[in-house]
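# Close look at the chain arrangement
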Amino acid sequence: MADREEDEELQMALRMSLQGSPPAQPEPKRSKPPQSPAAESPEAEARRKQRELMAAAAEKRLRAAASPGPFSVAPSSPPPPQPEPAPVEPAPAPEAAREETAEPEPEPTGVHMEEAKEPEVEEEVEEEEEGEELPPDVAEKLWAMVFGGGVSKAVLAQWSNQGIRFSSDPETTMGLVQHEGGPCGVLATVQAYVLKYLLFFSDDLSNPEVSNPLYTLGQRRFSQSSFVAGDDFSSLTDDRKTRALVHAMVEILFLCGTGRRAVVASMARVNHGKNDAVLEGLSVESAMDLHKVLRISTFTSRKDAFDILLANIPLFESRLGAMLFLISALLSRGLEYIQADRDDPSQPLVTAPFGHASQEIVNLLLCGEAVPNVFDGKMDLGGGMSLKGIPNNVEVGFLTLLESLNLCKVGQYLKCPKWPIWVVGSESHYTVLFALNPNVQEENELEERESRIRRAFDAQDQSGGGGFISVEGFRQVLRDTDINFPSDKLEDLCNAGIIVWSEFWQALLQLDKRAGGMKDPTGLMGKKQFTIFHFNGIAKSVLNGNASVGGSVPIQRPRLCKLNVTVPPRWNQDEYLADVVSSSTSGSKDDSILSLAPPVQTSQHAPLVDCIRTRWPRAVCSWAGDMPSIV
């Protein structure tokens with residue numbers, strides 16, 4: 001009689017431990033395990049199996065508490081300790097069915113019946129890492145959103161063979177290496193966040209909460225890393241780089257999840273410490289392939305997300321790392337929200353035919369929304385239509401060669417981020433520009449004045465970044481910025497019916513500061529000198545040593561270039577001298593002012609300089625060695 005009661009209690013405990021399991025589990029889940037080897041006494045066997053049962057149930061509760069996402073399962077209660085009754089041999093046919101249905105998430109019953117000899121720790125790690133299956137319909141939507149319907153094998157190969165790995169070259173050890181075309185938009189943006197932590201949060205890398213905006217704003221003061229002063233990136237340890245990478249990933253994923261959640265994508269049955277060797281022969285070429293291998297976990301705690309990402313860094317270093325992180329960001333935002341962010345959700349996020357990351361992907365990682373444009377806020381087109389841009393301030397920014405070609409207009413949110421780090425876009429590639437000192441972002445009096453006027457002008461610009469506004473909008477700009485043009489000059493500007501920024505700016509340069517203009521006869525305002533670095537993660541062939549020396553061996557490594565930048569005053573030398581001449585004709589020349597004219601500096605040019613000038617107009621750049629490349 002006692003045996004029957006114990007048997008019923010154990011069955012009840014098993015049912016309680018399986019609460020929230022997939023409904024397809026067959027009846028034999030309640031059957032008893034087979035006879036254990038004779039070497040183990042029944043009492044010892046009962047105690048061991050009871051511990052395994054409790055550990056598995058506790059593991060399910062912990063995972064459910066940490067992962068309240070859309071695919072999480074309900075937590076289960078641990079069964080009370082009970083002696084194990086005499087085992088009963090299960091029927092063969094239901095046992096086979098149980099094996100088929102147990103794969104998505106190993107249940108405590110599987111521990112009893114098939115893995116009784118496995119250590120408890122092995123089963124707990126497997127349970128934690130697998131996460132939840134991505135439903136087939138979600139996998140289909142995700143695949144179509146990223147790659148579309150006719151993706152080529154070449155593009156899939158690019159995205160299936162790019163890990164998130166640091167360079168082994170001492171000079172560029174702080175940088176992530178790109179071996180394949182396409183995923184550079186993901187790598188460069190992650191790189192920008194990594195630099196934020198390496199350069200400015202060096203002392204806080206052991207704190208999992210450092211990526212929380214509340215912490216960074218209220219509990220720390222700015223401090224530079226010890227290696228920054230000497231530009232000695234080779235002194236970075238692997239642990240520091242790894243932690244900076246994990247902090248960057250946590251910040252991006254929670255940014256995509258509006259600060260409330262982060263979804264981490266991983267692979268089924270991939271344990272700690274394994275990477276490309278485990279993925280050998282694995283092919284991800286369709287939504288069904290994605291459904292079979294992808295597992296996701298949802299976190300509301302930054303510490304829990306930090307811990308799981310740190311444990312799974314080998315997986316993100318593997319050849320599927322960049323794709324997995326992109327999927328993590330998309331799921332953190334939510335697929336419905338991603339599509340709502342976009343102007344044209346019918347197009348894939350990975351662009352054809354070359355498989356580049358779209359601006360929507362880059363913007364998602366920069367600001368948390370997959371908007372397609374780089375101007376500030378929304379642009380109203382009338383008739384209830386609008387274009388979406390960057391919604392608010394960002395941690396790291398964005399510059400693009402396309403702006404220098406007048407093909408777009410980057411807003412102040414991206415040009416003036418919180419930290420002096422920018423993703424740089426060209427027609428086909430993304431790289432990173434960064435400074436070691438945040439002071440390069442500081443504005444003097446005239447720069448602040450220009451920024452204020454430009455923001456007011458852009459707020460009235462309904463031309464899609466064309467740089468012109470209506471007369472009515474122009475009058476509003478004058479009121480907002482306290483600019484007082486003489487009546488004849490105002491009439492000249494308004495005659496054409498539209499006001500172009502370049503003409504407005506030229507008029508401001510001739511309007512005295514006291515009237516709200518930018519004219520500064522002293523010529524002292526605005527000159528800057530600073531150093532900035534450019535990193536290109538694409539592995540290029542460079543000569544190991546001086547190119548002129550015979551026998552040099554080409555090696556593959558990223559490129560880091562140090563640039564000296566001088567930003568002259570608003571008035572260049574010719575304009576200043578012209579102003580002095582005009583002053584002399586009126587009898588007010590002061591010879592001492594001539595010494596204030598900025599000296600002519602030999603400059604070098606590259607497409608990167610055009611990008612820099614979109615942030616610092618008229619900047620003069622120089623560097624040693626090879627020209628910096630943005631392709």
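Residues numbered from 1 in each chain as written. Predicted model: local features only at pLDDT ≥ 70, side-chain atom pairs only at ≥ 80, totals over all residues. Heavy atoms only, no water.

## Points about the overall build of the chain
Within the chain, the regular secondary structure consists of 25 helices and 15 strands. Here the chain holds 631 residues, and 51% of them are scored as buried. Across the chain, contacts joining residues at least 24 apart in sequence account for 71% of those joining residues at least 6 apart. When the accessible area of the chain is evaluated, it comes to approximately 28,600 Å², of which 52% is carbon and sulfur surface. (Helix = DSSP H or I, 4+ residues; strand = E, 2+ residues; numbered from the N terminus. Buried < 20%, exposed > 50% of the residue type's maximum accessible area, 1.4 Å probe, protein only. Contact = heavy atoms within 4.5 Å. Areas by Shrake-Rupley, 256 points an atom, 1.4 Å probe, with all protein chains shown as cover.)

## Section: the pattern of salt bridges
Taken as a whole and judged by the stated rule, the model has 17 salt bridges. For the salt bridge of Arg243 with Asp239, the shortest nitrogen-to-oxygen distance reads 3.5 Å. Of this pair, Arg243 and Asp239 both sit in helix α10 (residues 238-256), separated by 4 residues, roughly a single helical turn. Notably, a salt bridge pairs Arg333 with Asp341, separated by 2.8 Å at the nearest N-O pair. Judged by its relative accessible area of 6%, Asp341 falls in the buried class. One connected set of salt bridges, linked through shared partners, spans Lys196, Glu251, Glu395 and Lys418. (Salt bridge = Lys/Arg side-chain N within 4 Å of Asp/Glu carboxyl O.)

## Observations regarding the state of the cysteines
Per the counting criterion, the structure on display carries 0 disulfides. Free of any disulfide, Cys561 has its nearest neighbouring cysteine sulfur in Cys621, separated by 9.7 Å. Look at Cys561 and you get buried, because its relative accessible area is 9%. For Cys621, a relative accessible area of 0% gives the class buried. (Disulfide = S-S within 2.5 Å.)

## Some thoughts on the packing of α10 against helix α15 (residues 321-333)
In the contact formed by α10 and α15, the axes pass within 7 Å of each other and the chain directions differ by 35 degrees. Residues Met249, Ile252, Leu253 and Cys256 of α10 pack against Phe325, Ser328, Ala329, Ser332 and Arg333 of α15. For the contact of α10 with α15, the class distribution of residues is 6 nonpolar, 2 polar and 1 charged. (Axes fitted to C-alpha atoms, helices over the stretch in contact; angles between N-to-C directions. Nonpolar A, V, L, I, M, F, W, Y, C, P; charged D, E, K, R; others polar.)

## Observations regarding the packing of helix α20 (residues 445-459) against helix α21 (residues 471-481)
Between α20 and α21, the least distance of the axes is 9 Å, while the angle of their chain directions is 145 degrees. Crossing handedness for the pair α20 and α21: right-handed. Of the residues in α21, those in contact with Arg449, Arg452, Ile453, Ala456 and Phe457 of α20 are Val477, Asp480 and Thr481. Of the residues that constitute the contact of α20 with α21, the class distribution is 4 nonpolar, 1 polar and 3 charged. (Left-handed = near helix turned anticlockwise from the far one by under 90°.)

## Comments concerning the sheet that holds strand β1 (residues 132-133)
Strand order in this open sheet of 3 strands is β1-β3-β2, and the pairing throughout is antiparallel. Whereas interior strands pair on both sides, the edge strands pair on one side only; in this sheet they are β1 and β2 (262-267). Where β2 meets strand β3 (residues 294-299), 6 bridges bridge the pair, whose relative direction is antiparallel. Residue pairing in the sheet places Ser266 in a bridge with Arg295 of β3. Relative to β2, α15 is tilted by about 145 degrees, and along the sheet it contacts β2 and β3. (Pairing = 2+ DSSP bridges.)

## Notes on helix α6 (residues 136-147)
Its 12 residues give α6 an end-to-end C-alpha distance of 16 Å, which sits within 8% of 16 Å, the value for a rise of 1.5 Å per residue. Regarding α6, the residues found buried are Val138, Ala139, Leu142, Trp143, Met145, Val146 and Phe147. Down the axis of α6, the buried side of the element spans an arc of 165 degrees, and every buried residue falls inside it. The elements touched by buried residues of α6 are α7 (153-159), α12 (287-293), β3, α15, α16 (335-341) and β4 (350-351). (Expected span 1.5 Å × (residues − 1). Arc of directions from axis to C-beta.)

## Some details on the environment of Arg615
Position of Arg615 relative to the elements: it lies in helix α25 (residues 607-615). Remark: the alpha-carbon pair of Arg615 and Thr400, spanning 215 residues in sequence, is separated by 9.8 Å. The contacts of Arg615, once residues within four sequence positions are left out, are Leu399, Lys415, Cys416, Trp422, Val440 and Gln441.

## With respect to the nonpolar core
With 101 residues, the main nonpolar core has Phe325 and Phe434 as its most contacted residues. Broken down by element, the residue count for this core peaks at 13 residues, all from helix α8 (residues 184-200). (Core = buried A, V, L, I, M, F, W, Y, C linked by side-chain atoms within 4.5 Å.)

## Notes on the pairing of β2
Where burial is concerned, most of β2 is hidden: 6 out of the 6 residues are buried. Residues Ala262, Val264 and Ser266 point to one face of β2 and Val263, Ala265 and Met267 to the other, with burial holding for every one of them.

## Structural notes on the packing of aromatic side chains
Enumeration over the complete set of coordinates arrives at 16 aromatic pairs. Residues Phe233 and Phe434 carry aromatic rings whose centres are separated by 6.3 Å and whose planes lie at 75 degrees to one another, so their mutual orientation is edge-to-face. Placement of the pair is Phe233 in the loop between α9 (213-218) and α10 and Phe434 in strand β10 (residues 430-434), with a sequence separation of 201 residues. The class of Phe233 is buried, set by a relative accessible area of 4%. Assessed through its relative accessible area of 0%, Phe434 is described here as buried. Residues Phe457 and Trp501 carry aromatic rings whose centres are separated by 5.1 Å and whose planes lie at 65 degrees to one another, so their mutual orientation is edge-to-face. Residue Phe457 is located in helix α20, and its partner Trp501 is located in helix α23 (residues 501-509); the two are separated by 44 residues in the primary sequence. Comparing Phe457 with Trp501, the two get one shared label, buried. Three or more aromatic residues joined by ring pairs make a cluster, and in this case those are Phe457, Phe474, Phe485, Trp501, Phe504 and Trp505. Arg302 extends its terminal NZ or CZ atom over the ring of Phe254, reaching a point 4.5 Å from the ring centre. Sitting above the plane of the Trp501 ring, Arg454 keeps its charged end 4.2 Å from the centroid. (Phe/Tyr/Trp six-rings, centres within 6.5 Å; stacked < 30°, edge-to-face > 60°. Lys NZ or Arg CZ within 6 Å of the ring centre and 35° of its normal.)

## Description of the confidence of the model for the chain
Put simply, the chain has an average pLDDT of 76, and 65% of its residues get 70 or more. Here residues 544-550 is modelled with pLDDT under 50, and outside its nearest four sequence neighbours on either side it reaches 4 contacts, counting other chains as well. Here residues 576-600 is modelled with pLDDT under 50, and outside its nearest four sequence neighbours on either side it reaches 25 contacts, counting other chains as well. (pLDDT = per-residue confidence, 0-100.)

## Quick notes on the environment of Thr481
Residue placement: Thr481 occurs in helix α21. Separated by 28 residues in the primary sequence, Thr481 and Ile453 have C-alpha atoms spaced 6.3 Å apart. A distance of 2.6 Å separates a polar side-chain atom of Thr481 from the backbone oxygen of Val477. (Polar contact = N/O pair within 3.5 Å; in protein donor to acceptor, adjacent residues only side chain to side chain.)

## With respect to helix α17 (residues 359-367)
Most of α17 sits inside the fold, with 8 of its 9 residues counted as buried. When α17 is considered as a whole, its buried residues turn out to be Glu360, Ile361, Val362, Asn363, Leu364, Leu365, Leu366 and Cys367. Taken from the residues just after α17, Gly368 is the one with a positive phi, measuring 90 degrees.

## Some thoughts on unusual backbone geometry
As a rule of thumb, non-glycine residues mostly have phi less than zero, and peptide bonds are mostly trans rather than cis. At the junction of Ala352 and Pro353, the peptide bond is cis and its omega measures out at 0 degrees in the coordinates. With respect to the element layout, Pro353 can be found in the loop between β4 and β5 (356-357). Positioned with a positive phi, Asn406 is a non-glycine residue whose angle comes to about 60 degrees. Under the relative-accessibility criterion, Asn406 is labelled exposed at 70%. Of note in this structure, Asp482 is not a glycine but carries a positive phi near 60 degrees. For Asp482, the position within the fold is in the loop between α21 and α22 (487-494).

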